[in-house]
Each structure stands twice: as structure tokens, then as C-alpha cells.
Amino acid sequence: MQLSSYNYARVRMPDLASARSVLRALFGLMIFLLMAGTPISSVKTDMSHLSAIGFILVIFLLAMMYGRVRRMLPLELICECWVIGIAASIMAIMLSYVVASFNQPMADDLLKVLDRALGFDWVSYAKAVDTSPFLVKWFFHAYASMAKQLLFIPVLLIVIRQAPRAYVMLASFLLMVLISCFIFIWMPASGAFDSSGMQPSELTSIRAADVYSWVPKLLAVRAAETFEFDLARAGGIISMPSVHAGTALICAWAGWRVPVIKYFLVAWNLFMSASTIFVGSHYLVDILAGWVVGALAIYGVLLACRWHESQRDRTTNIEPGATNFEVNA
């Protein structure tokens with residue numbers, strides 16, 4: 001019995017070729033937007049700051065080519081995921097500075113109103129967390145785990161023969177970042193710590209520099225006629241929506257296909273989302289919006305993969321076969 005397109009999308013992952021094509025297309029789109037947006041912004045990049053990263057990417061590219069020549073598909077796929085993941089993460093940070101330089105009005109007042117409408121008292125939450133050094137420590141570990149998850153969950157998926165899911169995960173991350181940057185153009189914010197009026201002297205378990213450091217960067221790029229982007233001192237400056245929360249949802253979704261640790265990954269990413277409110281100085285509405293954007297990104301990537309499959313099958317009229325690294329979800 002033939003499945004409807006809706007049920008078909010629910011019961012199986014796209015094939016590897018389609019997932020790779022969509023990831024590469026989104027990667028190319030991110031490069032294009034960065035190249036198109038930078039000249040009309042105040043952000044200027046010293047490429048010498050990127051030389052070390054470039055050297056690492058070249059090594060992975062060579063390893064990927066070696067895997068292709070030697071027909072070592074897992075090595076090829078892992079290296080391709082790492083090249084795109086590392087490069088896309090750097091470009092995401094650069095793109096956030098580009099869109100911040102458009103200097104639209106701050107949205108903190110609106111975000112605080114939305115938090116109050118949700119019944120969330122941000123100051124009380126922050127003070128409660130700050131009383132527990134243990135919780136603060138693990139919140140920072142969870143917050144910092146985003147990059148590690150983006151690197152190693154795809155590896156796990158490829159090893160357990162779920163390569164298409166690894167590519168959908170990274171493609172969803174790229175699409176989520178692009179959507180978040182577009183929203184951030186119109187809703188920049190200095191964050192809950194800065195707008196709440198809480199003073200650094202009120203903190204007991206956390207260094208103020210860890211939660212306030214990104215605000216001067218945001219204000220600097222908004223005010224400068226020319227802003228020199230330095231990757232060594234750069235960090236994410238998107239407040240609304242939370243990229244960490246969106247990434248947490250995408251990682252939890254992808255990790256659901258990893259046996260044994262799937263429940264841990266879901267719980268850990270819920271914890272990472274909670275840490276983002278405190279460590280990332282996010283409003284609660286930022287987290288909820290991040291989850292929504294993350295879910296939309298996954299859905300959008302899966303739809304794009306379906307479309308790619310249908311177009312290819314229409315032209316070739318051949319049912320694509322699954323490799324050993326393509327297992328239906």
C-alpha cells in the first residue's frame with residue numbers, strides 16, 4: 001500500500017544523497033549571505049585571524065578526499081560534516097555581527113512584557129540559580145557543550161549507520177541560524193541581565209564577566225562606523241531567538257536515534273536550554289522561540305530533502321538504493 005506524502009515524511013529519513021545536497025545548498029546560501037551582507041555593513045574582517053581555523057579545515061578536507069579516493073565512506077562523511085560544521089559555526093558568529101550592525105531599535109522592553117505575560121520572573125530565577133555554585137558550574141558546562149554536540153553527534157550517527165540523519169541535523173542547524181539572524185535584525189536585545197538592572201556586585205556564584213561580556217560587543221558593532229571583527233575575541237550576540245535553545249532541540253532530535261544515550265541527550269539538552277536563560281542572559285521567550293525555530297528548521301530541511309528526492313526520481317525514474325550508512329528512521 002502506498003503511503004501518503006505526510007505519512008511518508010514521518011516514517012523514513014531522506015536518503016544520503018538528498019540530505020548531502022540540502023546541507024551543501026544551505027552552506028552555500030550562508031556563504032552567499034555573508035559575502036553579500038558584509039560589504040553593506042560596518043563589519044570588516046581581518047582574514048589573518050582565520051588562518052589557524054583555515055589550516056584545520058584544510059586538514060579535514062584532505063582527509064575527506066583521502067576517504068573518497070580509498071572508498072572509506074565513514075571517514076569521508078565524518079570529515080565533510082566537520083568541515084561544514086566548523087566553517088558554518090564561524091560564519092554564524094560573523095553573520096550575527098553583520099545583522100547586528102543594521103542597528104534596529106532594541107526589543108528588550110517587548111521581550112520583558114512577553115516574559116511577564118508568560119508568568120516568568122527572570123530576576124527571581126537568576127537569583128535562585130546564583131545561590132547554588134554546583135548548579136552554576138553545570139549550567140556553564142551545559143552551555144559550552146553546544147559546539148561539542150554539533151561535532152560529535154554526527155559522528156555517532158554515521159558510525160551507527162544513520163548518516164542521513166547526521167546531515168539533516170547539520171542542515172537544520174544552518175537553517176535555524178539563518179532564520180535566527182533574520183529575526184535578530186528586527187529584534188536585537190541587550191539581554192535579561194543588562195535590562196533587568198541587576199548589578200554584577202549582586203552575583204555570588206558567577207563571574208559577572210561571563211554573563212555581561214557579550215553586551216559591549218553588541219553595542220560596539222551597533223555604534224561603530226567600522227567594526228573590526230576578531231574571531232579570537234568574538235562570541236555569539238544573538239538574543240532573540242536563542243540559538244542555543246534551537247540547537248538543543250535539534251541535537252535532542254538527532255540524538256534520539258543514538259541507542260543507550262538517547263534519553264541522556266534529551267535530558268542534557270533540556271538542561272542546556274535552562275542554562276541558556278541564565279548563562280546566555282536570555283529571556284524565557286527567547287528559549288521558546290529558539291525551540292520553535294529549531295523545529296521549523298528540521299521540518300523545512302526534511303521537506304527540502306523530499307523535494308530533492310522527488311525531482312531526482314522524476315528525472316531518473318530510478319528508486320535510489322540505500323547504502324550501509326543509510327538506514328530508515
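Report follows, based on the coordinates. Computed from a predicted model, the values in this text were never measured in an experiment. (Residues numbered from 1 in each chain as written. Predicted model: local features only at pLDDT ≥ 70, side-chain atom pairs only at ≥ 80, totals over all residues. Heavy atoms only, no water.)

## Side note on the overall build of the protein
Where we set the bar: We count a stretch as a helix when DSSP gives it H or I for four or more residues in a row; a strand needs E for two or more, and each element gets its number in order from the N terminus. Only protein chains enter the accessibility calculation, which uses a 1.4 Å probe; a residue is then buried when its area is under 20% of its type maximum, exposed when over 50%, and partly exposed in between. In this description, contact between two residues means that some pair of their heavy atoms is separated by no more than 4.5 Å. Surface accessibility in these figures is a Shrake-Rupley result with a 1.4 Å probe; residues are shielded only by whichever protein chains are displayed.
Scanning the protein for helices and strands turns up 14 helices and two strands. In the protein, buried positions account for 50% of the 329 residues. Of the contacts formed within the protein by residues at least 6 apart in sequence, a portion of 85% connects residues at least 24 apart. Entry remark: accessible area of the protein is about 15900 Å², with carbon and sulfur atoms responsible for 68%.

## Re unusual backbone geometry
Even without a glycine there, the phi angle at Arg161 is positive, about 65°. The topology assignment puts Arg161 in the loop between α7 (133–159) and α8 (163–186). We note that Val260 has phi near 75°; this positive angle belongs to a residue other than glycine.

## Section: the packing of aromatic side chains
Heads up, the rule is: Aromatic pairing here means that ring centres of Phe, Tyr or Trp (its six-membered ring) are within 6.5 Å. Orientation follows from the plane angle: under 30 degrees is stacked, over 60 is edge-to-face, and everything else is tilted.
With the rule as written, the count across this model stands at ten aromatic pairs. Where Trp82 meets Phe152, the ring centres are 6.0 Å apart and the plane angle is 85°; that geometry is what we call edge-to-face. In this pair, Trp82 sits in helix α4 (residues 73–100) while Phe152 sits in helix α7, placing the two residues 70 residues apart along the sequence. Look at Phe152 and you get partly exposed, because its relative accessible area is 46%. Relative to Trp138, the ring of Phe134 has its centre 6.4 Å away and its plane inclined at 55°; by these criteria the two rings are tilted. Of the two residues, Phe134 and Trp138 are both situated in helix α7; the distance of four residues between them amounts to about one turn of the helix. Grouping aromatic residues by their ring pairs yields a cluster made of Phe134, Trp138, Phe139, Phe264, Trp268 and Phe271.

## Describing the side chain of Asn269
Going by this rule: Definition of a polar contact: a pair of N or O atoms within 3.5 Å, with one able to donate and the other able to accept a hydrogen when the atoms are protein atoms, and with sequence-neighbouring residues admitted only if both atoms are side-chain atoms.
With respect to the helices and strands, Asn269 occurs in helix α13 (residues 262–279). Only 2.9 Å separates the side chain of Asn269 from the side chain of Gln149, close enough to count as a polar contact. Not counting chain neighbours up to four residues away, the residues in contact with Asn269 comprise Gln149, Ala248, Cys251 and Ala252.

## A few points about the nonpolar core
Defined as follows: Buried Ala, Val, Leu, Ile, Met, Phe, Trp, Tyr and Cys residues form a nonpolar core when they are joined through side-chain atoms within 4.5 Å.
Among the nonpolar cores identified, the biggest contains 78 residues, and Leu26, Leu174, Met176, Val177, Ile237 and Val301 are the most heavily contacted of them. Excluding residues that lie within four positions of it along the chain, Val177 makes contacts with Met30, Ala92 and Val243. Residues Leu111, Trp122, Met187 and Ala245 belong to the second largest nonpolar core, which totals 25 residues.

## Section: the state of the cysteines
Our working rule: Note that a disulfide, as used here, is simply two cysteine sulfur atoms within 2.5 Å.
Applying the stated criterion across every chain yields a total of zero disulfides. We note that Cys79 lacks a disulfide partner, and the nearest cysteine sulfur, in Cys81, lies 9.5 Å from it. We classify Cys79 as buried; its relative accessible area is 5%.

## Section: the pattern of salt bridges
Here is the rule: Each reported salt bridge corresponds to a side-chain nitrogen of Lys or Arg within 4 Å of a carboxyl oxygen of Asp or Glu.
One pass over the full model with this rule turns up five salt bridges. Glu76 is paired through a salt bridge with Arg20; the nearest N and O atoms lie 3.1 Å apart. In this pair, Glu76 is assigned in helix α4 and Arg20 in helix α2 (residues 16–37), connecting sequence segments 56 residues apart. For the pair formed by Glu76 and Arg20, the shared burial category is buried. The residue Glu80 makes a salt bridge to Arg20 at a minimum N-O spacing of 2.7 Å. With Glu80 in helix α4 and Arg20 in helix α2, this residue pair connects regions lying 60 residues apart in the sequence. For Glu80, a relative accessible area of 5% puts it in the buried group. Given the relative accessible area of 12%, Arg20 is considered buried. Taken together, the salt bridges that share partners define one network made up of Arg20, Arg24, Arg68, Glu76 and Glu80.

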